[in-house]
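# Architecture at a glance
Next come the chains, spelled out residue by residue.
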Amino acid sequence: MMRLLLIAILIAGCDDTQARPASSSPASDAAPAASVASTMRLEQVGDFRNPVYLTAPTGDPRLFIVEQAGRIRIVKNGAALATPFLDIADRVKSGGEQGLLSMAFHPDYRTNGQFFVNFTDKVGDTHVERFTVSRANPDVADESSSK
């Protein structure tokens, strides 16, 4: 089982020499970089099997982690929920470049609860399907809503 540590990434590409304007000096940039680096920390939030994608709907504090074998898990309030958001492992062929590979939220997800997943089925065919979140629990998708 692969462990995933979620890290708040504040800076992409830590080499600050590429982004420094010509008028900046290394000494003037040293303090901000040091203060940002000192605020970063690692925190384990759960155990995940072959995580391939991490996303969140706009304005939603939850993190959605896509596992290649066919599950989407939620990290809420700093911990992974026990019940998967979506579990279509029985429909997914996983391994190599196949499996549940991604998800995307509809632009109006807050109001319509729709999201999309991209996966490889048991025969090896690629699918993009739309699902809707459960009306009873926003942390669980309605698996029967697949289109």
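None of these values were measured; they are calculated from a predicted model.

## Details of the pattern of salt bridges
- For the structure on display, the rule yields seven salt bridges.
- As a salt-bridge pair, Arg41 and Glu43 come within 3.0 Å of each other at their nearest N and O atoms.
- Judged by its relative accessible area of 33%, Glu43 falls in the partly exposed class.
- Connected through salt bridges with shared partners, the residues Asp60, Arg62, Lys76 and Asp139 form a single ionic network.

## Thoughts on the sheet that holds strand S10 (residues 126-133)
- One open sheet accounts for four strands, arranged S8-S9-S10-S11; its pairing is antiparallel. Only two strands of the sheet have a single partner each, and these edge strands are strand S8 (100-105) and strand S11 (141-142).
- In this sheet, S11 lies alongside S10 in antiparallel orientation, the contact comprising two bridges. Across the sheet, Thr132 pairs through a bridge with Asp142, a residue of S11.

## Let's talk about the side chain of Gln68
- On the secondary structure map, Gln68 appears in the loop between strand S4 (63-67) and strand S5 (71-76).
- In contact with Gln68, other than residues within four places in its own chain, are Arg49, Asn50, Val52, Val92, Ser94, Gly95, Gly96, Gln98, Gly99 and Leu100.

Reading the values: the criteria
Residues numbered from 1 in each chain as written. Predicted model: local features only at pLDDT ≥ 70, side-chain atom pairs only at ≥ 80, totals over all residues. Heavy atoms only, no water. Salt bridge = Lys/Arg side-chain N within 4 Å of Asp/Glu carboxyl O. Buried < 20%, exposed > 50% of the residue type's maximum accessible area, 1.4 Å probe, protein only. Pairing = 2+ DSSP bridges. Helix = DSSP H or I, 4+ residues; strand = E, 2+ residues; numbered from the N terminus. Contact = heavy atoms within 4.5 Å.

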